[in-house]
Amino acid sequence: MSDRPIQGAGLGLRRTMASQLSEATPDGIDFLEVAPENWIGLGGRFAKQLRSITERTPLITHGLSLSIGGPAPLDEDLVIAVKDFLAEHNATIYSEHLSYTNDGGQLYDLLPMPFTEEAVHYTASRVRRVQDILGRQIALENVSYYTTPSRQLSEIEFITAVLEAADCKLLLDVNNVYVNSVNHQYDPMAFIKAMPADRVSYLHVAGHYYEDDGLIVDTHGADIIDPVWTLLEQTYELIGAKPTLLERDFNIPDIDVLMLELNRIRQYQGANANKDHAAA
């Protein structure tokens, strides 16, 4: 387990940033997040750059392909590789999506879970197995979704039941809450109030895209909009200034531009510093 608990504002590390950040990490980037699958087994220049970065900047990991809720057998070889990666880079957190991506082959999308008791118990058992292998708790992210295969439970009931049954942490994605609240017409702050604050490991925030018909698609390819900023600030007021990760997956501007959003995160965190708790 890492001895570097994260705090403050972090940035999703993409390979296009690796060269610049391997030279120096700008003030205001308190931690970095990577998808371990994109770096495990990587050698050469990128491996050296990552090692240079993680020697001075705390790292967390956010998986893409564990498919924790999927029908295919759990990929325990991947979990073991992730465990080695976490140890190698002294990574504080391993998180994944409360979703699935694999049905005998990678589907390269986050597919929606059925909100059922059966899915709760199935998913929680797989999470517990992952935690047994890793020797630590993981965090699950509330995902954006556009349909529901089956609904016996509400989204809130489903998420909280999985967290409780698995005894794992929550990666609270504020942008996903907003996206879902518009697409499925609910109060985003009521959703956040219903989440177990004591299980929140850290937050995600990002931009999204509006389709012509009004549907919002979670893209991580645009600037954060004002309603999401407001929701983030209200979240800090409610649960404290949790560590927060800025995601940007494409249309990536220069680091100096990303720093404007990171600095805004830090500004809101500072206003709620008396409630601040570092993630463990």
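Everything that follows concerns the structure shown earlier in this document.
Remember, predicted model here, so these are calculated numbers, not experimental data.

## Examining unusual backbone geometry
Moving on, step 1. The phi dihedral of Ser67 falls on the positive side, at around 55 degrees, and the residue is not glycine.
Moving on, step 2. Turning to its location among the elements, Ser67 is positioned in the loop between β3 (59–62) and α3 (76–88).
Moving on, step 3. A positive phi angle is found at Asn90, which is not glycine, with a value near 50 degrees.
Moving on, step 4. Turning to its location among the elements, Asn90 is positioned in the loop between α3 and β4 (94–97).

## Brief notes about the packing of aromatic side chains
To describe a pair of aromatic rings, one takes the distance between the centres and the angle between the planes.
Moving on, step 1. Under the defined criterion, the tally for this structure stands at 5 aromatic pairs.
Moving on, step 2. With centroids separated by 6.4 Å and ring planes inclined at 85 degrees, the aromatic side chains of Trp39 and Phe46 adopt a geometry described as edge-to-face.
Moving on, step 3. With centroids separated by 5.7 Å and ring planes inclined at 15 degrees, the aromatic side chains of Tyr186 and Phe191 adopt a geometry described as stacked.
Moving on, step 4. Using a relative accessible area of 2% as the deciding quantity, one classes Phe191 as buried.
Moving on, step 5. The rings of Phe115, Tyr145 and Phe158 are connected pair by pair, giving a single aromatic cluster.
Moving on, step 6. The ring centre of Trp39 lies 5.7 Å from the NZ or CZ of Arg15, which sits over that ring.
Moving on, step 7. Sitting over the face of the ring of Phe46, Arg45 holds its NZ or CZ atom 4.5 Å from the ring centroid.

## A word on the sheet that holds strand β9 (residues 200–205)
Moving on, step 1. The strand order β1-β2-β3-β4-β7-β8-β9-β12 describes a closed barrel built from 8 strands, whose pairing is parallel. If you compare each strand with its neighbour and ignore which way they point, the axes differ by 30 degrees on average.

Conventions used here
Residues numbered from 1 in each chain as written. Predicted model: local features only at pLDDT ≥ 70, side-chain atom pairs only at ≥ 80, totals over all residues. Heavy atoms only, no water. Helix = DSSP H or I, 4+ residues; strand = E, 2+ residues; numbered from the N terminus. Phe/Tyr/Trp six-rings, centres within 6.5 Å; stacked < 30°, edge-to-face > 60°. Buried < 20%, exposed > 50% of the residue type's maximum accessible area, 1.4 Å probe, protein only. Lys NZ or Arg CZ within 6 Å of the ring centre and 35° of its normal. Pairing = 2+ DSSP bridges. Axes fitted to C-alpha atoms, helices over the stretch in contact; angles between N-to-C directions.

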